[in-house]
There are 2 protein chains.
Amino acid sequence: MTKARVTVTLKNGVLDPQGKAIEGGLASLGFDGIESVRQGKVFDVELSGSAKDAESQLADMCEKLLANTVIEDYAVEILE
Amino acid sequence: MTKARVTVTLKNGVLDPQGKAIEGGLASLGFDGIESVRQGKVFDVELSGSAKDAESQLADMCEKLLANTVIEDYAVEILE
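Quick caveat: nothing in here was measured; it's all calculated off a predicted structure. (Residues numbered from 1 in each chain as written. Chains lettered and ligands numbered in written order. Predicted model: local features only at pLDDT ≥ 70, side-chain atom pairs only at ≥ 80, totals over all residues. Heavy atoms only, no water.)

### Quick notes on the interface of chain B and chain A
Each side of the interface is counted separately: chain B has 33 residues, and chain A has 33 residues. For the pair chain B and chain A, the summed buried area comes to about 2700 Å², and 65% of that belongs to carbon and sulfur atoms. On inspection of chain B and its partner chain A, the count reaches zero salt bridges. Run the count over chain B and chain A and you get twelve residue pairs in polar contact (both at pLDDT 80 or more). Those elements giving two or more residues to the side of chain B that touches chain A turn out to be strand S1 (2-10), helix H1 (17-28), strand S2 (34-47) and helix H2 (51-66) of chain B. Among the elements that make up the side of chain B that touches chain A, the one with the highest residue count is S2(B) (14 residues). Broken down by class, the residue content of the side of chain B that touches chain A amounts to 15 nonpolar, nine polar and nine charged. Where strand S2 (residues 34-47) of chain A and S2(B) come together, 13 bridges link them in antiparallel fashion. Paired with A:Leu47 across the two strands is B:Ile34, which belongs to S2(B). (Contact = heavy atoms within 4.5 Å. Buried area = accessible area lost by both parts, 1.4 Å probe. Salt bridge = Lys/Arg side-chain N within 4 Å of Asp/Glu carboxyl O. Polar contact = N/O pair within 3.5 Å; in protein donor to acceptor, adjacent residues only side chain to side chain. Helix = DSSP H or I, 4+ residues; strand = E, 2+ residues; numbered from the N terminus. Nonpolar A, V, L, I, M, F, W, Y, C, P; charged D, E, K, R; others polar. Pairing = 2+ DSSP bridges.)

Taken by themselves, the reported measurements are silent on function.
Put into structure tokens, the structure is as follows:
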């Protein structure tokens, strides 16, 4: 079995109102010195195949479902 | 300036209907051999202070706002 982590983040330049809201929330809680916050998603996927197969399969999953590649970047990391 | 990534994931044993829905979506797209999918959140935070200060400040942010520590775990990673 292969465990992998897929991280999906907004591309640079894409507005992130959710991140802005978190930034405001942190500031109002008294946290100083926050320059920016951007939010993304993480998917922990367990696959039955080998790590080698998993990598290309996960990239395919990102292209088709997990990420919106117009506005998002993704990174696949094989954990074990 | 310090860049950090905070990853918030559901604790083991906590139900993840969103992850289950993604699992179903991937299966219906024809992806085989998926054992499980669990979804989490990632926050890319830029802070003006030093990396040393950032780590404890970010842990504090997680406890107070970014994570619900009853059902979620968090990990702080200083990137630069």
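What follows continues from the structure just given.
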